[in-house]
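Below are the chains, spelled out letter by letter.
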Amino acid sequence: MYKHVLRPLWVALAVIAVVLVARQFMVPADFGVHGKTFTYGFYRLGNVEEWKAFPVKYQGQSRCAKCHTENSAEIAGSKHANIECENCHGPGVNHPKQVKKLPINGSRDLCLRCHQFLPYPGSLRSELPGIDGAKHMRRSECRKCHNPHHPDLEDM
Amino acid sequence: MTCSRRDFMKQSLGALAAATPACAVVLLTQEDARAAVGDSKVRWAFLVDTEKCVGCGLCVSACKTENETPYDAPVTRTWVERYVVTKDGETHIDSPLGGRDGFIDDKIRDQTIEPDDIAKAFFVPKLCNQCENPPCVQVCPVGATYQTNDGVVLVDRTWCIGCGYCIMACPYGVRFFHPVHKTAEKCNFCYHRITQGMEPACVQACPFEARKLGDLRDPEDPVTKVISNERVAVLKDEYGTKPHVFYLGLDEKVR
Amino acid sequence: MSAELVVHGAEWTAKELFVYPNEFIYWSIQIVMYPYMTGLVAGAFVLSSLYHVFGQKDLKDIAQFSLVFSLALLPVAALPLLLHLQQPLRAANPLLTPHFTSAIAAFGIVFSTYGLIVLSEIWFVYRKYFVEQVAALRDQPGVSSSLRRAVYRVLTLGAYDTSPGAIAADRKAARILAAVGIPVACFLHGYAGFIFGSVKANALWMSPLMPVIFIMSAVVSGIALCMLTYIVIMEWQAFRSRRCGGLRKASEISGAETEIIGKASRYLLGFLVAAISLELLDLIFRGYTAMKSWDILRSVMYGKDFVNIFVLQYTLGNLVPFILLVLPKLTIRRTVVALLLVLFGVFMMRWNVVIGGQAFSLSFAGYMHYEIPLIPHSVETFKEGVLGALMVMATPFFLFWMINKFVPSLRRDLETGQS
């Protein structure tokens, strides 16, 4: 047999060797099978901690209540008790250290999310007190007449 | 310059054998890696109560803010769909900007539906089902998306090549390309929050308790109790994905 | 929206009725080009192997050419993917951490294997020529001659033995590689079909027939392209020799031989019939079993995409060329028309699978229309638009022209390492 016919094979093996060596440098050391199967558990382990360290934005009502005791108590005793403060005031992550005042969203669209009446039989939506936003006092902000922290129609 | 067939086999096999140990090194250290991760005590599951959802969209808005999805981009990790079934049997479905601004317009795609024509209507929140057999993970060519030991499917933004195969493989349409990071993106149950004992942003934001997160491994968990004892449904179970988002009040018209 | 904030797919997707918010046409023209180009690669190689392995002596010239053309097509098969990836700089990741449960992970390995086989086979076929060029250029003056000689020296890989025994060894090795290369070429394109066929989430793609349909139509397109390019080049050379007053020997330039073309068309017809039969079988099965997706699929295939599928692909791309090639007294001109239609038909098949599969929403309650970017105004609309596609189509011809300067695949008088 003529030995020269093996030359392309040596070239091929050299290419494979280069790729395998490159892998050692370019693939992170913690990349591998970390779950029960190769199918679903093949990944870079360090990524899990990276996601755990992702910054949290929304803090939750209990944190707001620590300082804003009056507003918290007022809304807690109203029909809006289950609405998070941050739903209307935005996330409280930087407050009060970096952001002194959180924005107050007074737009009609915010209230109409729940209170635009939709005639949907069987849906909780149609049981909420609602108006037709295109007709009822359409040039004013809702909070001009309705207190968002205590939206009691009897007080009006 | 001749050599026998035996010499040829010896030479080539020898060369191949020399190349093998290099790749073996990567495979053999998996045992240690598995020990580092361990078995999890938690299996996350989600419960959506469509009887309670009013379509306010505060969940979508909170999700976008919490998870830094560009607010004005038409992509979102979670969304709410509106179904209006009229008496003539037609189903009208929409999800404007994923329900980010709620549902204020009673028109669906500029079509007015008379209240008297409506037989039933409801809202359906959707998010990643964190499937037990996620087809999106199966098709990732590089191992950039994976399932954690507590059941959440995550995406490694530093390794994803942006081929889009996972997006095509998801039967639920929950995946998309992040407009800024240019890698695959999807809901991950707010993994950064739940691993510190907080609720996902959408669960916290919902004023009507239509969304709940639970741990299937804890028999005392209220969500686990509902899933075990009440009638719940999942989306598209015919694909064999074993989704872990369970629905109360799911209608047959839901896509 | 700022310049860097691009929702991939939003620009060229028009949604109709109810489509999930995150759904866009993510796999656009470049993903149509990719299986098209890999198909041409596989087909060109199979054509070349028909001569090397099965000893079809009449196909010697076209086989010689199609082997090298297959090499020119190979890097171009990877080009659409590089243009499509959202993170092209990470294109090596499938080679570094291949997740073998994914059909796309096979790409790096199969592609490289196939490339090495084609390169090796070309080396065995042309090694004698390389050695002769090294000797011929030794005493030639000039920088370009010494550069060419240096290239040829590298190409010989240091194997200068041109004794009859060594040449015979070359021929045997080439035949072995051609035989081994056929299943690899089939695998190269079969797995491209598997990429689509295994996606259970897509009602149009999911089918066990998909890999086979792709292989059949790939071979069709490869044979057609090689025949077409061969005809064009041979006719051009004949035209030139007539104009220049016969500077080349008459035996070299006689235009495209009708016999060769006739023989190659028989093979083309065989694969064409196989491809169309499988596609019709798939369609009939879907209609008969009428699964949940059938309503929306039917409205897409018989409604919106009717022209694309039944007129452009099935009729113009399959039936008409079939008739043209089957009718007696086949002329070169009729063949060229048939080949162009076949190439168009295979392109439409790829289009109808990739774009057609995204024409309906996962909700089965809405549609998406693909509005391909014509005039680019950004990097993305160039890469995933008409200009990007044309660039991909043109590149193999340019590469072939470059490779041909060192590996003369068109000269008939060359005694190369072929049996």
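Residues numbered from 1 in each chain as written. Chains lettered and ligands numbered in written order. Predicted model: local features only at pLDDT ≥ 70, side-chain atom pairs only at ≥ 80, totals over all residues. Heavy atoms only, no water.

**Quick notes on the overall build of chain A**
Stated formally: In this description a helix means any DSSP run of H or I spanning at least four residues, a strand means any run of E spanning at least two, and both kinds are numbered starting from the N terminus. The globule rule used here is 2.2 Å times the number of residues to the 0.38 power, and the radius of gyration it is set against is calculated over C-alpha atoms. Whether two residues touch is decided by their heavy atoms; if any such pair falls within 4.5 Å, the residues are in contact. Method for areas: the Shrake-Rupley scheme with a 1.4 Å probe, in which residue coverage is limited to the protein chains shown. Asp and Glu count as negative and Lys and Arg as positive, but His and the ends of the chain are not part of the count. Every charge is mapped onto a representative atom, which is NZ of Lys, CZ of Arg, CG of Asp or CD of Glu.
Each helix and strand counted, chain A has 6 helices and 2 strands in total. Scanning chain A from its N terminus toward the C terminus, one meets helices and strands in the order α-β-β-α-α-α-α-α. Its C-alpha atoms give chain A a radius of gyration of 30 Å, more than 25% over the compact-globule value 15 Å for 156 residues. Reported as C-alpha extents along the three principal axes, the dimensions of chain A are approximately 105 × 40 × 35 Å. Sequence separation of 24 or more characterises 39% of the internal contacts of chain A that already satisfy a separation of 6 or more. Of the roughly 9,500 Å² of accessible surface on chain A, 60% is carried by carbon and sulfur atoms. Of the charged side chains in chain A, 21 are positive and 14 negative; the average position of the first set lies 13 Å away from that of the second.

**As for the domain arrangement of chain A**
A common way to express how large an interface is: the accessible area buried when the components associate. Stated precisely, the cut-off is as follows: Where each domain begins and ends is defined by an automated method or by a domain database.
Domain annotation of chain A identifies domain 1 (3-53) and domain 2 (61-144). Spacing between the C-alpha centres of domain 1 of chain A and domain 2 of chain A amounts to 52 Å.

**Description of the interface of chain B and chain A**
Here is the rule we go by: By buried area we mean the combined loss of accessible area, with a 1.4 Å probe, across both parts when two parts are placed together. The term salt bridge refers to a pairing of a side-chain nitrogen on Lys or Arg with a carboxyl oxygen on Asp or Glu at a separation within 4 Å. We define a polar contact as two N or O atoms separated by no more than 3.5 Å, with the added condition that, inside protein, one atom must be a possible hydrogen donor and the other a possible acceptor, whereas residues neighbouring each other in sequence contribute only through side-chain atom pairs.
Taken together, the 81 residues of chain B in the interface contact 57 residues of chain A. Of the roughly 5,800 Å² buried between chain B and chain A, counting both surfaces, carbon and sulfur atoms make up 62%. Linking chain B with chain A are 2 salt bridges. A:Arg44 serves as the salt-bridge partner of B:Asp156, at 2.9 Å between the closest nitrogen and oxygen. In this assembly, chain B and chain A are joined by 17 residue pairs in polar contact (both at pLDDT 80 or more). At 9 residues, the largest contribution of residues to the side of chain B that touches chain A is made by helix H1 (residues 5-28) of chain B.

**Description of the side chain of B:Thr76**
This is how it is decided: Note on exposure labels: buried denotes an accessible area under 20% of the residue type's maximum, exposed denotes more than 50%, and partly exposed covers the range between, all computed with a 1.4 Å probe on protein chains only.
With respect to the helices, strands and loops of the structure, B:Thr76 is situated in the loop between helix H3 (58-66) and strand S2 (79-86). A relative accessible area of 1% means that B:Thr76 is categorised as buried. Engagement of the side chain of B:Thr76 in a polar contact is seen with the backbone oxygen of B:Thr78, the distance being 2.5 Å. Beyond its immediate stretch of four places on either side in the chain, B:Thr76 contacts B:Val60, B:Lys64, B:Thr69, B:Gly98, B:Phe176, C:Pro21 and C:Asn22.

**Examining unusual backbone geometry**
The omega torsion of the bond from A:His95 to A:Pro96 falls at 5°, within 30 degrees of zero and hence cis. Structurally, A:Pro96 can be placed in the loop between helix H5 (85-89) and helix H6 (108-115). Unlike most non-glycine residues, B:Gln130 shows phi in positive territory, near 40°. With respect to the element layout, B:Gln130 can be found in the loop between strand S4 (118-126) and helix H4 (135-138). For B:Glu209, which is not a glycine, the phi torsion comes out positive at approximately 55°. With respect to the helices and strands, B:Glu209 occurs in the loop between helix H7 (201-205) and strand S9 (211-215).

**A short note on the pairing of strand S1 (residues 44-49) of chain B**
Residues and elements named next belong to chain B. The cut-off we apply is this: Each pair of strands is called paired provided DSSP finds at least two bridges between the two strands.
In terms of burial, S1 is largely enclosed, as 6 of its 6 residues are buried. What you see with S1 is no split at all: Trp44, Phe46 and Val48 on one side and Ala45, Leu47 and Asp49 on the other are buried throughout. Sheet topology note: the S1/S9 ladder contains 5 bridges and is antiparallel. Residue Ala45 lies in a different strand from S9, and its bridge partner there is Gly214. Both S1 and strand S10 (residues 245-248) contribute to a ladder of 4 bridges, which runs parallel. Along S10, the bridge assignment pairs Leu47 with Phe246.

**A closer look at helix H2 (residues 60-84) of chain C**
All names here are of chain C. What counts is decided by this rule: An expected span of 1.5 Å times one less than the residue number is assigned to each helix. In this scheme, the bend at a residue equals the angle between the axes fitted to the seven residues that finish there and the seven that begin there.
The end-to-end C-alpha separation of H2 is 37 Å, in line with the 36 Å expected for 25 residues at 1.5 Å each. Where H2 bends most, at Leu73, the angle is about 25°, and the proline Pro75 comes one to four residues later. Among the 25 residues that make up H2, 20 are buried, leaving the element largely enclosed by the rest of the structure.

**Section: the interface of chain B and chain C**
Opposite the 53 residues of chain B that make contact, chain C presents 44 residues. Across the chain B/chain C interface, buried area totals approximately 4,000 Å², and carbon plus sulfur atoms make up 60% of it. Taken as a group, B:Ile161, B:Tyr165 and B:Met168 account for 19% of the area that chain B buries against chain C, more than any other trio of residues on that side. Across the chain B-chain C interface, the total number found is 1 salt bridge.

**Side note on the sheet that holds strand S3 (residues 91-94) of chain B**
Residues and elements named next belong to chain B. Stated precisely, the cut-off is as follows: The angle between two axes is taken between their N-to-C directions and runs from 0 to 180 degrees, where each axis is a line fitted to C-alpha atoms and a helix contributes only its stretch in contact.
Strands sit in the order S3-S2-S4 across an open sheet of 3 strands; the sheet is antiparallel. A strand with exactly one partner marks an edge of an open sheet, and here the two such strands are S3 and S4. Averaged over neighbouring strand pairs, the angle between their axes works out to 15° when direction is ignored. Relative to S3, S2 runs antiparallel, the two being bridged by 4 bridges. The residue of S3 that forms the bridge with Tyr83 is Ile93.

**Some remarks on the packing of aromatic side chains**
Note the threshold: Here a pair means two rings of Phe, Tyr or Trp (six-membered ring of Trp) with centres within 6.5 Å. Their orientation is stacked below 30 degrees between planes, edge-to-face above 60, and tilted elsewhere. We call a charge positioned above a ring when the Lys NZ or Arg CZ atom is no farther than 6 Å from the ring centre and deviates by at most 35 degrees from the ring normal.
Counting across every chain of the model gives 38 aromatic pairs over all chains. Seen in terms of ring centroids, C:Trp27 and C:Trp205 are 5.7 Å apart; in terms of plane orientation they differ by 20°. Their pairing is stacked. Taken together, the residues span a long stretch of sequence, with C:Trp27 in the loop between strand S1 (13-17) and helix H1 (29-52) and C:Trp205 in the loop between helix H6 (164-197) and helix H7 (210-243) at a distance of 178 residues. Judged on exposure class, the residue C:Trp27 and its partner C:Trp205 are both buried. Considering the side-chain rings of C:Trp351 and C:Tyr370, the 5.5 Å spacing of their centres and the 45° angle between planes classify their relative orientation as tilted. Of this pair, C:Trp351 sits in helix H11 (residues 332-354) while C:Tyr370 sits in strand S2 (residues 366-370), and the two are 19 residues apart along the sequence. Three or more aromatic residues joined by ring pairs make a cluster, and in this case those are B:Tyr165, C:Trp27, C:Phe196, C:Trp205 and C:Phe214. If you follow C:Arg127 out to its NZ or CZ, it ends over the ring of C:Trp123, 6.0 Å from the centre.

**Here we look at the packing of H1(C) against helix H13 (residues 386-404) of chain C**
Residues and elements named next belong to chain C. Formally: In this scheme, roughly parallel covers angles under 35 degrees and roughly antiparallel covers those over 145, while 65 to 115 is roughly perpendicular and the rest are oblique. Each crossing gets its handedness from the near helix: less than a right angle anticlockwise from the far helix is left-handed, clockwise is right-handed. Under the scheme applied here, ten amino acids are nonpolar (Ala, Val, Leu, Ile, Met, Phe, Trp, Tyr, Cys and Pro), four are charged (Asp, Glu, Lys and Arg), and all others, including Gly, are polar.
For the pair H1 and H13, interaxial distance at closest approach is 9 Å and the crossing angle is 20°. Here H1 lies roughly parallel to H13, going by the angle between them. H1 and H13 meet at a crossing whose hand is right-handed. Where H1 approaches H13, its residues Ile29, Gln30, Met33, Tyr36 and Met37 are matched on the opposing element by Gly388, Ala389, Val392, Met393 and Pro396. Here the residues of the contact of H1 with H13 are counted per class, giving 8 nonpolar, 2 polar and no charged.

**With respect to the nonpolar core**
The condition is simple: As used in this record, nonpolar core signifies buried Ala, Val, Leu, Ile, Met, Phe, Trp, Tyr and Cys residues forming a set joined through side-chain atoms within 4.5 Å.
Of all hydrophobic cores here, the largest spans 169 residues; its most connected members are B:Tyr165, C:Trp27, C:Met37, C:Phe65, C:Tyr114, C:Ile195 and C:Phe196. Non-local contacts of B:Tyr165, meaning those with residues more than four positions away in its chain, are made with B:Val139, C:Trp27, C:Ser102, C:Ala103, C:Ile104, C:Phe194, C:Ile195, C:Ser198 and C:Val199. If you look at the next biggest cluster of nonpolar residues, it comprises 51 residues, including A:Trp51, B:Trp79, B:Val84 and B:Leu154.

**Some points on the packing of H6(C) against H7(C)**
When two helices pack together, their arrangement is given by the angle between the helix axes and the distance between those axes. Residues and elements named next belong to chain C. Close contact between H6 and H7 brings their axes to 7 Å; oriented N to C, the two are set at 135°. Here H6 is positioned oblique relative to H7, judged by the angle of their axes. When the axes of H6 and H7 are compared, the crossing they make is right-handed. Contacts from Cys186, His189, Gly190, Ala192, Gly193, Phe194, Phe196 and Gly197 of H6 reach H7 at Met210, Pro211, Phe214, Ile215 and Ala218. In the contact of H6 with H7, the residues fall into 9 nonpolar, 4 polar and no charged.

**A short note on a nonpolar patch on the surface**
All names here are of chain C. Where we set the bar: Distance thresholds for patches are 9 Å for like charges and 5 Å for nonpolar side chains (Val, Leu, Ile, Met, Phe, Trp, Tyr), applied to residues having over 30% relative accessible area and no salt bridge.
A cluster of nonpolar side chains, namely Val273, Leu319, Phe322, Ile323, Val326 and Leu327, defines an oily patch on the protein surface of about 470 Å² accessible area. Within the secondary structure layout, Leu319 lies in helix H10 (residues 306-326). Taking the relative accessible area as the measure of exposure, Leu319 reaches 47% and is therefore partly exposed.

**So, the sheet that holds S9(B)**
Residue and element names in this part refer to chain B. The 3 strands are arranged S9-S1-S10 in an open sheet whose pairing can be described as mixed. Each of the sheet's edge strands pairs with one partner strand only, and the pair in question is S9 and S10. Strand-to-strand twist in this sheet, taken as the mean axis angle between neighbours without regard to direction, amounts to 25°.

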